[in-house]
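# Structural overview for review
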Amino acid sequence: MQKQVIILFGQPGAGKGTQADLLSDKTGYYHFESSKILEACFKNEKPEKVFEIDGQTYKVGDEIKRWETGLLNSPPFVVSLFIEKIKDLAREDESIIFSGSPRTIYEAQKEIPLLKDLYGVENIKFILLEVSPETTIFRNSHRKICELMRHSILFSPETENLTKCPLDGSNLVKRKGLDDVETIKKRLEVFKEQTFPVIEVIKEQGLHLNTVNGEQTIADVHKNIVEVIK
Ligand SMILES: [Zn+2]
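Residues numbered from 1 in each chain as written. Predicted model: local features only at pLDDT ≥ 70, side-chain atom pairs only at ≥ 80, totals over all residues. Heavy atoms only, no water.

With that out of the way, let us pick up the coordination of the zinc ion. Tetrahedral metal sites with four donors have an ideal angle of 109.5 degrees; octahedral sites with six donors have ideal angles of 90 or 180 degrees. Looking at the metal site, the zinc ion is ligated by Cys146 (SG), His151 (ND1), Cys165 (SG) and Asp168 (OD), spaced 2.1 to 2.3 Å from it. Given four donor atoms and angles of 94 to 122° at the metal, the environment of the zinc ion is assigned as tetrahedral. Between consecutive donors of the zinc ion, the numbers of intervening residues give the motif C-x4-H-x13-C-x2-D. With relative accessibility at 23%, the residue histidine 151 sits in the partly exposed group. (Donors = N, O, S within 2.8 Å, 3.2 Å for Na, K, Ca; no water. Tetrahedral: all angles 85-135°; square planar, octahedral: opposite > 155°, others 65-115°. Buried < 20%, exposed > 50% of the residue type's maximum accessible area, 1.4 Å probe, protein only.)

Written out as structure tokens, the structure is:
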């Protein structure tokens, strides 16, 4: 079977993570989770280790500090890790689902040409999950996470009354800080300014822009995604 790359794109709360998990369960494709790749690097590398990228140096210890204090990690550092991971996955003949990358024009300009080389442009499916700003704010402010694994459970009619994590059975709680309405509004602004322009890179790179209505139920959104990637 032809290997594929699925890029799920959309505002915070569009349902990217939920849909990526569902699709990964169904297809066996690798769910590329940016935070897990960063955490793995921080665990495996010594803090003194220095990455040299395009003539600049990035110390792992500094990046750990940024991560722990809630700052964004340096884009060249992040992208160099992602590129290594993408190459490993391609070597292992894995299909990939992205749910949080590319997040900036810089990231897209580095990753998309590489993915085209490794998988072929016709095998990359870029899917925009469209939701209104009102839905985004509502869903994020009603988001719950599980105590054990920090699984994020987005608000939907299907998850509204859940009290236990469907994946591991631990209690569901509300996230503090990140899901306050003011913080969500800020994240939406950042999305509009820094992430949404990724769509321009996608078009420049000759990828087709598929849109799926993210306001539907989780099951219907999933069905539409499956149709797109067929
Ligand atoms: Zn869980």
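Next comes the rest of the account.
Proline 102 follows serine 101 through a cis peptide bond whose omega is 0°. Here proline 102 is to be found in the loop between β5 (96-98) and α5 (105-119). We note that aspartate 54 has phi near 45°; this positive angle belongs to a residue other than glycine. Among the secondary structure elements, aspartate 54 is positioned in the loop between β3 (50-53) and β4 (56-59). (Helix = DSSP H or I, 4+ residues; strand = E, 2+ residues; numbered from the N terminus.)

One recurring pattern in soluble globular proteins is that nonpolar side chains are buried together. Residues Ile7, Phe32, Phe77, Leu81, Phe98 and Leu115 are the most contacted members of the largest nonpolar core, which totals 38 residues. When residues in this core are grouped by element, the largest group, nine residues, is from helix α4 (residues 75-91). Within the second largest apolar cluster, 14 residues are counted, among which are Ala20, Ile127, Val212 and Ile229. (Core = buried A, V, L, I, M, F, W, Y, C linked by side-chain atoms within 4.5 Å.)

Turning to helix α9 (residues 218-229), a few remarks are in order. Helical periodicity: at 3.6 residues per turn, an α-helix aligns residues three or four positions apart in one direction. With twelve residues, α9 ought to run about 16 Å at 1.5 Å a step, and its terminal C-alpha atoms sit 17 Å apart, in line with that. Among the residues making up α9, those that are buried are Val221, His222, Ile225 and Ile229. End-on view of α9: buried residues confined to an arc of 100°, all on one side of the axis. Here the buried face of α9 lies against β1 (5-9), α1 (16-27), β6 (124-130) and β10 (209-213). (Expected span 1.5 Å × (residues − 1). Arc of directions from axis to C-beta. Contact = heavy atoms within 4.5 Å.)

This part takes up the environment of isoleucine 97. Within the secondary structure, isoleucine 97 sits in strand β5. Remark: the alpha-carbon pair of isoleucine 97 and tyrosine 29, spanning 68 residues in sequence, is separated by 6.5 Å.

Interhelical geometry of α4 versus α5 gives an angle of 10° and a closest axis separation of 10 Å. As far as their axial angle goes, α5 and α4 are roughly parallel. In the crossing of α4 with α5, the sense of the turn from one axis to the other is right-handed. Two secondary-structure elements touch here, α4 through Pro75, Pro76, Val79, Phe82, Ile83, Ile86, Lys87, Leu89 and Ala90 and α5 through Tyr106, Glu107, Lys110, Glu111, Leu114, Leu115, Leu118 and Tyr119. Of the residues belonging to the contact of α4 with α5, the class tally is 13 nonpolar, no polar and four charged. (Axes fitted to C-alpha atoms, helices over the stretch in contact; angles between N-to-C directions. Parallel < 35°, antiparallel > 145°, perpendicular 65-115°, else oblique. Left-handed = near helix turned anticlockwise from the far one by under 90°. Nonpolar A, V, L, I, M, F, W, Y, C, P; charged D, E, K, R; others polar.)

This model, assessed by the stated rule, comprises eight aromatic pairs. Each ring, one from phenylalanine 32 and one from phenylalanine 82, has its centre 5.3 Å from the other, and the planes form 90°; the classification is edge-to-face. Remark: phenylalanine 82 occurs in helix α4 and phenylalanine 32 occurs in strand β2 (residues 30-32); sequence separation between them is 50 residues. Each of the two residues, phenylalanine 32 as well as phenylalanine 82, counts as buried. A connected cluster of aromatic rings, assembled from ring pairs, spans Phe9, Phe126, Phe191 and Phe196. (Phe/Tyr/Trp six-rings, centres within 6.5 Å; stacked < 30°, edge-to-face > 60°.)

This part is about the pattern of salt bridges. Close approach of charged atoms allows side chains with opposite charge to pair. Scanning the entire structure with this criterion turns up six salt bridges. Its salt-bridge partner being arginine 91, residue aspartate 88 comes within 2.9 Å of it at the nearest N-O pair. On the criterion of helical spacing, the pair formed by aspartate 88 and arginine 91 is a turn pair, its members being three residues apart in helix α4. Among the residues examined, aspartate 88 registers a relative accessible area of 30% and is labelled partly exposed. Of the charged contacts in the structure, one is a salt bridge between glutamate 200 and lysine 203, with a shortest N-O distance of 4.0 Å. You can see glutamate 200 and its partner lysine 203 sitting in helix α8 (residues 198-204), three residues apart, about one turn around the helix. A relative accessible area of 44% means that glutamate 200 is categorised as partly exposed. (Salt bridge = Lys/Arg side-chain N within 4 Å of Asp/Glu carboxyl O.)

Before going further, it helps to spend a moment on the sheet that holds β5. With parallel pairing, five strands are arranged side by side in an open sheet as β2-β5-β1-β6-β10. Each having just a single partner strand, β2 and β10 make up the two edges of the open sheet. Strand-to-strand twist of the sheet, defined as the mean angle between neighbouring strand axes without regard to direction, takes the value 25°. Here β6 runs beside β10; their pairing, made up of five bridges, is parallel. For phenylalanine 126, the partnering residue across the bridge sits in β10 and is leucine 209. Docked against the sheet, α5 engages β1, β5 and β6, running at close to 150° with respect to β1. The sheet strands contacting α9 are β1, β6 and β10, and the helix crosses β6 at an angle near 155°. (Pairing = 2+ DSSP bridges.)

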